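Summary of structural features
These are the residues of each chain, in order.
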Amino acid sequence: MTLYKAPRIPSSEITPRDLYLRRRSLLGLMAGGAGLLGAPSAFAAALKTVPSPYKVDEALTPRESVTTYNNFYEFGTDKSDPAANSGAFKPSPWRLVVDGMVAKPKTFGIEDLIKAYPVEERIYRMRCVEAWSMVIPWNGFPLAALLKTVEPLGSAKHVAFETIVRPEEMPGQTGGFQPLPWPYVEGLRLDEAMHPLTLLAVGLYGETLPNQNGAPIRLVVPWKYGFKGIKSIVKITLTDKQPPSTWNVLAPQEYGFYANVNPAVDHPRWSQASERRIGTGGFFGSSRVETLPFNGYADEVASLYSGMDLTANY
Ligand SMILES: Nc1nc2c(c(=O)[nH]1)N[C@H]1C(S)=C(S)[C@@H](COP(=O)(O)O)O[C@H]1N2
Ligand SMILES: [Mo]
């Protein structure tokens, strides 16, 4: 993993997000891409799915918004960049390595995974740390099913995830101004990873994942801020140490390792008490709704954190 060298500016004065916004404005038109906004992935195909009880009863975010309002900095930092700039990305063939503290390390192809584990239709409320949210019909299978196959050792306490590095297909990974250190990495505690709500998504709206949403396979943890949902995963490693989390490493005072959605703990620069629900006020409009503890999944997951001070472990 590449270690990020912090810029020589006190973090009290400038934050990573401010920094690349400034860089972008300096770059001006140089950064302009000419992709087809919202063009469907060349690989989008219907998925065979089974029903699931994990469905929130809220209006779905339109597919158009889910696939054109994205965070995927490998393709650029504007919300429209991933849809515009990911057309050349090839999510097939793909190899997913699962290794580390397991009895049976294994490399999987996506087709093997889709055959081995029933792909469910789940509807999850999703909350970005930037205080916007969506309701997304994901297609995927529990991460726990995959982890059981490789047989975690008793010593394994955490799960580390890594996104692909492929500068020739990911414009955000090339040039002089790259917004993040690569690869994008994330981590979960083993009990969080084994929780039945934790999903490996391979599709949305009944079709294989569009490139901009993390094709061909990405993590979905609905009670945590969106940055935990690492996209285009090539490696999952069981470990006895807390893994690095890209945003937590960049700015630990702003982005915690746990990243559990918590309306009572504000981000240092904005409130987390409410959120803009994307796609609810006409095309790309949004209405404001209250943010719920653990994003509304407290009954299922609060017990994972009993005894922890959630204002310190944010
Ligand atoms: N590899 C990678 N994964 C990533 C990101 C990213 O920039 N790179 N952004 C994260 C953030 S901040 C969010 S909110 C979600 C957005 O997922 P979506 O575009 O499918 O809604 O992806 C997460 N996963
Ligand atoms: Mo996010």
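Read on for a plain summary of the structure. What you see is a predicted model; the values in this text were computed from it and never measured.

A closer look at the sheet that holds strand β6 (residues 158-163)
Pairing is mixed across the open sheet formed by five strands, whose spatial order is β3-β2-β11-β6-β7. Sheet topology places β3 (106-109) and β7 (185-189) at the edges, where each strand pairs with a single neighbour. With strand direction ignored, the average angle separating the axes of adjacent strands in the sheet is 15°. By the bridge criterion, six bridges tie β6 to strand β11 (residues 233-239) in an arrangement that is antiparallel. Each residue of the ladder has a partner; that of Ala 160, found in β11, is Thr 237.

Examining the packing of aromatic side chains
Inspection of the entire model under this criterion finds 12 aromatic pairs. Between Phe 75 and Phe 89, the ring centres sit 5.7 Å apart and the planes meet at 80°, which makes this aromatic pair edge-to-face. Pair noted here: Phe 75 is in the loop between α2 (63-66) and α3 (81-85) and Phe 89 is in the loop between α3 and β2 (95-100), with a separation of 14 residues, a long-range link. Assigned by exposure class, Phe 75 and Phe 89 land together as buried. On the basis of an interplanar angle of 75° and a centroid distance of 6.0 Å, the ring pair of Tyr 124 and Tyr 297 is categorised as edge-to-face. Separated by 173 residues along the polypeptide, Tyr 124 in strand β4 (residues 120-127) and Tyr 297 in the loop between β13 (286-290) and α8 (298-301) bring together distant segments of the chain.

A look at the site of ligand 1
In the region of ligand 1, 15 residues are neighbours, and Asn 70, Tyr 73, Glu 74, Gly 229 and Lys 231 sit closest. Taking Tyr 73, its main chain carries an N or O atom lying 2.9 Å from an oxygen atom of ligand 1. One of the side-chain nitrogen or oxygen atoms of Lys 231 is found 2.7 Å away from an oxygen atom of ligand 1. When ligand 1 is considered free in solution it has 540 Å² of accessible area, and contact with the protein chains removes 96% of it. Looking at the shell around ligand 1 residue by residue, the class counts come to six nonpolar, six polar and three charged.

Thresholds applied
Residues numbered from 1 in each chain as written. Chains lettered and ligands numbered in written order. Predicted model: local features only at pLDDT ≥ 70, side-chain atom pairs only at ≥ 80, totals over all residues. Heavy atoms only, no water. Pairing = 2+ DSSP bridges. Helix = DSSP H or I, 4+ residues; strand = E, 2+ residues; numbered from the N terminus. Axes fitted to C-alpha atoms, helices over the stretch in contact; angles between N-to-C directions. Phe/Tyr/Trp six-rings, centres within 6.5 Å; stacked < 30°, edge-to-face > 60°. Buried < 20%, exposed > 50% of the residue type's maximum accessible area, 1.4 Å probe, protein only. Near = heavy atom within 4 Å. Polar contact = N/O pair within 3.5 Å; in protein donor to acceptor, adjacent residues only side chain to side chain. Areas by Shrake-Rupley, 256 points an atom, 1.4 Å probe, with all protein chains shown as cover. Nonpolar A, V, L, I, M, F, W, Y, C, P; charged D, E, K, R; others polar.

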